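# Close look at the chain arrangement
Here are the chains, one letter per residue:
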Amino acid sequence: MKNTDQPLLQPIKVGDLTLRNRVWMAPMTRSRAANPAKKVFELHDEYYRQRATAGLIITEGSQVSPQAVGYINTPGIYSEAQTEAWKSVTKAVHEEGGHIFIQLWHVGRMSHPDFHNGELPLSASATNPHSKSYTPEGFKETVAAKAMTLAEIKQTIADFKNAAKNAMEAGFDGVEIHSSNGYLFHQFFNGTSNHRTDEYGGSIENRARILFEVIEAIKEVMPENRIGLRLNPSLNGVFGMTMDEETIPTFDYIIKKLNDYNLAYLHLSEPFTDVSEVPFAEKNIAKRYRPIFKGTLVINSGFDQESGNRVIEDGDADAVAFGKPFISNPDLPERFAENASLAEWDQSTFYTVGEKGFIDYPSLQEAKVD
Ligand SMILES: Cc1cc2nc3c(=O)[nH]c(=O)nc-3n(C[C@H](O)[C@H](O)[C@H](O)COP(=O)(O)O)c2cc1C
């Protein structure tokens, strides 16, 4: 007997969209766009079509400009050719009755000069995340970035606006601003990576400014209730991020201020690592921010069917974004409905080129036939 009464499988209204369930697919870089134009192609159509039963698909991070890139073979959403190529992905998902947002991405200092003809990557300040960058020649040590000029900040905001406009043209239902996981906007938020003394640094309000300017710019080209954004407040020791005493107050400020907008959703991640010993970290992100954020809240990281149902039942989130489980279980909502066991993911093919580990995980039905 199907168990369709569980909280994860209830429909949800997000802005003017009605999504068929609360099992959302988290954004995941899969590094299959191995072509000079950084375009998606037929493989991506099939990959996302297979996962269209998700309440909402959030695509892999997609760079908003050539400067925004930081990993090999990630797709872009800045050129006409890229926009054209995404059209068949959105068509495939819509043909299956699904919904899909594109994640708009700028990696900032997580990039490497090899991606920029030897020029330095850009960030809030000239800091080095002391991390690794996945370049065409393999993993390389990151370098100290170049602090963005005011003109470069303006240009970046314009790039996000252009990418959002392209996303609308490509038929996406909305966009998710990637302001999470130690990438560009997160580098502005945290005092350990932002040493600016102008209006983009210093106070909490200044460090958050760029994000709100991006939202304002994107609003000019698409409806506000189709804009989502992602935050990872307690990220520490990963992707070069180090928290300090102002980190959580900064996220408190940002999340409160997001209530001034009629956004599609706020997408939060629980800490990626054990932060029980980390000074200044908030250990329970959904519980802290559910009472603060008034709109749709989607929570992520480490959830399974049981904990996903619980977090919704407890009123701590409206939906759950599943990452790795969606890699190996294209029909994840169906598996939850059937209380079926889940297929294991193969980490060795997360970022490799081609079909393997991308479009060859069977659905429950296909697995039963085999
Ligand atoms: C292969 C892989 C690629 C990822 N790429 C992105 C990305 O492009 N953008 C992003 O915001 N998060 C990315 N993430 C993080 C996931 O969205 C998610 O936060 C993480 O996997 C934890 O959720 P899970 O426990 O359900 O997998 C990636 C994770 C994985 C495993």
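Here's a quick rundown of the structure.

Conventions used here
- Every chain is numbered independently, its residues counted from 1 as its sequence is written.
- Note on the predicted model: pLDDT of at least 70 is required for a residue's local features to be given, and 80 or more for side-chain atom pairs to be given and counted; whole-chain, interface and lining totals, by contrast, use all residues.
- Side-chain calculation: all heavy atoms of the structure are included, whereas hydrogens and water are not.
- Think of a salt bridge as a Lys or Arg side-chain nitrogen and an Asp or Glu carboxyl oxygen that are within 4 Å of each other.
- Each helix is a run of DSSP H or I of at least 4 residues and each strand a run of E of at least 2, with the numbering of both proceeding from the N terminus.
- A simple rule labels every residue: compare its accessible area, found with a 1.4 Å probe on the protein chains alone, to the largest value its type can have, and call it buried under 20%, exposed over 50%, or partly exposed in between.
- Residues are labelled near a given molecule or strand when at least one of their non-hydrogen atoms is within 4 Å of it.
- Residues adjacent in sequence count toward polar contacts only when both atoms are side-chain atoms; beyond that, a polar contact is any pair of N or O atoms within 3.5 Å, and within protein one must be able to donate a hydrogen and the other to accept it.
- Residue burial considers only the protein chains on display, and all accessible areas are found by Shrake-Rupley using a 1.4 Å probe.
- We call Asp, Glu, Lys and Arg charged. Ala, Val, Leu, Ile, Met, Phe, Trp, Tyr, Cys and Pro are nonpolar, and the rest, Gly among them, are polar.
- Strands qualify as paired when DSSP identifies two bridges or more between them.
- Whether a crossover is right-handed depends on one test, that the path from the first strand over the helix to the second runs clockwise when the strands point away from the viewer.
- Between N-to-C directions, angles cover 0 to 180 degrees, with each direction set by a line fitted to C-alpha atoms, over the stretch in contact for helices.
- Oblique is the label for any angle not covered by the other classes, which are roughly parallel (under 35 degrees), roughly antiparallel (over 145) and roughly perpendicular (65 to 115).
- Left-handed is the label given to a crossing in which the near helix is rotated counterclockwise from the far helix by less than a right angle, and right-handed is the label when the rotation is clockwise.
- What makes two residues a contact is simply this: any of their non-hydrogen atoms within 4.5 Å.
- Working convention for charge: Lys and Arg count positive, Asp and Glu count negative, and His plus the chain ends are omitted.

Below, the discussion takes up the pattern of salt bridges. It is possible for side chains of opposite charge to pair when their charged atoms get near one another. Tallying each qualifying case throughout the model produces 22 salt bridges. One salt bridge in this structure joins Glu95 and Lys91, with 3.2 Å as the shortest N-O distance. Residue Glu95 and its partner Lys91 are both found in helix 2 (residues 80–95); the two are separated by four residues, about one turn of the helix. Lys91 gets classed as exposed once you look at its relative accessible area, which sits at 53%. Of the charged contacts, one joins Lys140 and Asp114 as a salt bridge, the two residues approaching to 2.5 Å between their closest N and O atoms. Taken together, the positions of Lys140 in strand 8 (residues 138–141) and Asp114 in the loop between strand 5 (100–105) and strand 6 (122–123) put the pair 26 residues apart, joining distant regions of the chain. A residue is classified by how much of its surface remains accessible, and Asp114, at 34% relative accessible area, is partly exposed.

Pro27, Thr29, Arg230, Asn300 and Gly302 are the nearest of the 19 residues found near the ligand. At 2.8 Å, a side-chain N or O of Gln103 approaches a nitrogen atom of the ligand. Contacts to the ligand include Asn181, whose side-chain N or O atom sits 3.5 Å from a nitrogen atom. In isolation the ligand has 610 Å² of accessible area, and contact with the protein removes 90% of it. Classifying every residue of the shell around the ligand gives eight nonpolar, nine polar and two charged.

Of the two faces of strand 13 (residues 297–300), the one lined by Leu297 and Ile299 and the one lined by Val298 and Asn300 are each fully buried. Inspection of the sheet shows strand 12 (residues 265–269) paired to strand 13 by four bridges, in the parallel sense. Its bridge partner lying in strand 13, Leu266 is registered against Leu297. Where strand 13 lies against strand 14 (residues 319–322), three bridges are found, and the strand directions are parallel. Looking at strand 14, one finds that Asn300 is bridged to Ala321. Crossover handedness for the path strand 13 to helix 8 (residues 305–313) to strand 14: right-handed.

So, on to the packing of helix 3 (residues 150–169) against helix 5 (residues 204–219). With their axes 9 Å apart at the nearest point, helix 3 and helix 5 run at an angle of 40 degrees to one another. Overall, the two elements helix 3 and helix 5 adopt an arrangement that is oblique. Considering only the axes of helix 3 and helix 5, their crossing is right-handed. Residues Ile153, Ile157, Phe160, Lys161 and Ala164 of helix 3 lie in contact with helix 5, whose contacting residues are Ile210, Glu213, Val214, Ala217 and Ile218. For the contact of helix 3 with helix 5, a count of residues per class yields eight nonpolar, no polar and two charged.

Relative to the assigned elements, Arg22 resides in the loop between strand 2 (17–19) and strand 3 (23–25). Here Arg22 is buried and forms no salt bridge, its nearest opposite-charge partner Asp318 lying at an N-O distance of 4.9 Å. A polar contact is formed between the side chain of Arg22 and the backbone oxygen of Gln10, at a distance of 3.1 Å. If we skip the residues at most four places from it in the chain, Arg22 touches Pro7, Leu8, Gln10, Pro11, Ile12, Ile312, Asp318, Ala319 and Val320.

So, on to the pairing of strand 12. Of all five residues in strand 12, five are buried, a share of seventy percent or more. Here strand 12 shows two buried faces, one formed by Tyr265, His267 and Ser269 and the other by Leu266 and Leu268. Examined bridge by bridge, strand 11 (residues 227–231) and strand 12 share four bridges and lie parallel to one another. Directly across from Gly228, in strand 12, lies its bridge partner Tyr265. Where the polypeptide runs from strand 11 across helix 6 (residues 247–258) and back to strand 12, its parallel neighbour, the crossover connection is right-handed.

Turning next to the side chain of Asn309. Looking at the element boundaries, Asn309 is found in helix 8. Once residues lying within four places of it in the same chain are set aside, the contact partners of Asn309 are Gln6, Pro7 and Leu8.

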